[in-house]
Amino acid sequence: MGWSFRIAKVRGIDIKIHVTFFLILLLGALQWANNVPDSPLDGALFGVALMTLLFTCVTLHELGHSIAAQCFGIPVREIVLTPLGGIAMITRQPEKPLHELIIAVAGPAVNVLIAILLFLVTGATMHATILDARGSLGELFSRPSLEVMLLWLFAANISLAAFNMIPAFPLDGGRVLRAVLAMFMSFSSATTIAATIGQIAAIGLGVLGFINGNFILILIAVFIFFGAGQETAQAASRAALRARRVGDAYNRYALTLSIGDRVSRVVDYLLTSYQPDFAVMQGGEIIGIVTRRDVFNALATHSRDVYVTEIMRRDFPTVQASASLDEVASLMAERGERIVAVFNGADYLGLVSLEDLNEAFAVLAFLDKQQQLKAQQGVAPSS
Ligand SMILES: [Zn+2]
């Protein structure tokens, strides 16, 4: 994800903060400065501390998902923290519904665990703090103290677990629902049903947001509604891509470069063909890849006379022709690359890019729809 930077690395997973994340710190500071009119600076610092702790819990939640995924052999590239929560980039869909179930539950389970620990450690003092405030939340949240911090954190972890278990994509509850359904039906039917329930839940949340004038709730409802739609589309594309080999998808007629070529030749190719990526060949073997972006970057700093070998990338993922397009898409997500070289044994065949996969999916989806229409027309007269 762009506009984010790394703050830590845990078990090979980059933990990154999106720049907009600082809005949430600001919001926490403003709210608590407002809560504590006697000393707004103390309030603001307290607010920042609370938000930092909250997002530490969000990170632990995402690590719960990630470590569960790693236990099933699924690599996790990064966790990105945004104001709306954390996102763990789990690179592929677990094969078994039970695995998806465990990965989805692992996140909220971490928050439940934190809440239990907080309760065990500070249960007695929390009780005293609440009694002291005589049941008034306003009174309670106007005095920054360690007790208030722990109590707030306890409530926040309970809310995190409860909210995430709402059965709506892309929330964890939606994944749990799909995993349970997928134990009894096909993955795509399970996705369709879970996504429909998710969209109904999103509309419910949105209406609730409108009634209460809660803007954040409306925003979350919109986020869930479109997330559910995206999940259905992804499941459909995964099924279509799984059925095709990458050996049938690469461009057989691609132009290639040789080590003596200069950038000017690539510019000519870019202008006369619509091919965006080029393999650099030496004696029948691929030694590097030059993309359109590499050429643009090179032209910004170098002249057109530079050799392609100077700007090519030498490190690129390779796949065998027998791999499915779904596997290739997973590999791209895992490595954060948009292009792979396809081989048959030791023989280089061609390049396949993320755009090629999207294109292949669009064609497959169209053919599939045509076939369904024909099938419907076929049965219509007899019924
Ligand atoms: Zn989660």
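Per chain, residues are indexed from 1 in the order of the written sequence. For a predicted model such as this one, the threshold for reporting local features is a pLDDT of at least 70, and the threshold for listing and counting side-chain atom pairs is 80 or more; totals across whole chains, interfaces and linings nevertheless cover every residue. Hydrogens and water molecules were not included; the side-chain quantities draw on all heavy atoms of the structure.

So, on to the overall build of the protein. The way it works is that DSSP assigns letters per residue, a run of H or I at least four long becomes a helix, a run of E at least two long becomes a strand, and they are numbered from the N terminus. The number of helices and strands found in the protein is 13 helices and 10 strands. Referenced to the eigenvectors of the C-alpha coordinate spread, the extents of the protein come out at roughly 80 × 70 × 40 Å. When the 383 residues of the protein are sorted by exposure, 42% land in the buried category. Note on definitions: a residue-residue contact is assigned when non-hydrogen atoms from the two residues lie within 4.5 Å. When contacts within the protein are restricted to residue pairs at least 6 apart in sequence, those whose partners lie at least 24 apart make up 57%. Note on areas: Shrake-Rupley with a 1.4 Å probe; residue coverage comes only from the protein chains shown. Of the roughly 20800 Å² of accessible surface on the protein, 63% is carried by carbon and sulfur atoms. Taking the 27 positively charged and 30 negatively charged side chains of the protein as two groups, their mean positions are separated by 4 Å. The buried label applies to any residue whose accessible area, calculated with a 1.4 Å probe on protein chains only, is under 20% of its type's maximum; exposed applies above 50%, and partly exposed to all values in between. Working convention for charge: Lys and Arg count positive, Asp and Glu count negative, and His plus the chain ends are omitted. Think of each charge as sitting on NZ of Lys, CZ of Arg, CG of Asp or CD of Glu.

It is worth spelling out the pairing of strand E7 (residues 285-291) at this point. Here E7 lies mainly inside the structure; 5 of its 7 residues are buried. Paired strands, in this sense, are two strands between which DSSP finds at least two bridges. Both strand E6 (residues 277-282) and E7 contribute to a ladder of 6 bridges, which runs antiparallel. Among the inter-strand pairings, Phe 278 is bridged to a residue of E7, identified as Val 290. Once E6 ends, the chain turns through 2 residues before running back antiparallel as E7, passing Gly 283 with a positive phi of about 55°.

This next bit is on the nonpolar core. Among buried residues, those of type Ala, Val, Leu, Ile, Met, Phe, Trp, Tyr and Cys that are joined through side-chain atoms within 4.5 Å constitute a nonpolar core. Counting residues in each nonpolar core, the largest one holds 22 residues, and the members touching the most others are Phe 21, Leu 54, Phe 55 and Trp 152. Those elements giving two or more residues to this core turn out to be helix H1 (22-35), helix H2 (40-71), helix H3 (97-132) and helix H5 (146-164). If one sorts the elements of this core by residue count, H2 sits on top with 7 residues.

Note on definitions: salt bridges are taken to be side-chain nitrogens of Lys or Arg within 4 Å of carboxyl oxygens of Asp or Glu. Counted according to the given criterion, the structure contains 9 salt bridges. A salt bridge links Lys 9 to Asp 14, with the nearest nitrogen and oxygen atoms 3.4 Å apart. By relative accessible area, which is 16% here, Asp 14 ends up buried. Across the pair Glu 355 and Arg 338 runs a salt bridge whose closest N-O atoms are separated by 3.0 Å. Of this pair, Glu 355 sits in helix H13 (residues 354-379) while Arg 338 is found in the loop between helix H12 (325-335) and strand E9 (339-344), placing the two residues 17 residues apart along the sequence.

This next bit is on the sheet that holds strand E4 (residues 85-90). The strand order across the open sheet built from 4 strands is E1-E2-E3-E4, with neighbouring strands paired in mixed fashion. For this open sheet the edge positions go to strand E1 (4-10) and E4, each flanked by a neighbour on one side alone. Going from strand to strand, the sheet's axes swing by 25° on average, the running direction of each strand aside. Note: strand E3 (residues 76-82) against E4, 5 bridges, orientation antiparallel. Within E4, the residue paired with Val 76 across the bridge is Ile 90. To get an axis, a line is fitted to the C-alpha atoms, and for a helix only the part in contact is used. The angle between two axes follows their N-to-C directions and goes from 0 to 180 degrees.

Within the protein, the atoms that donate to the zinc ion are His 61 (NE2), His 65 (NE2), Asp 172 (OD) and Asp 172 (OD), at distances of 2.0 to 2.6 Å. Because water is not among the atoms used, a metal site may look incomplete, as its donors are only the N, O and S atoms within 2.8 Å, or 3.2 Å for Na, K and Ca. In short, tetrahedral needs four donors with all angles between 85 and 135 degrees, square planar needs four and octahedral six donors with opposite donors over 155 degrees apart and all other angles between 65 and 115, and whatever is left is irregular. Its 4 donor atoms give the zinc ion angles of 55 to 151° at the centre, a pattern that matches the irregular case. Linear spacing of the donor residues for the zinc ion on their chain is H-x3-H-x106-D. In this pair, His 61 and His 65 are both assigned in helix H2, 4 residues apart and thus about one turn of the helix distant. According to the relative accessible area criterion, His 61 is buried, its value standing at 4%. For His 65, a relative accessible area of 6% puts it in the buried group.

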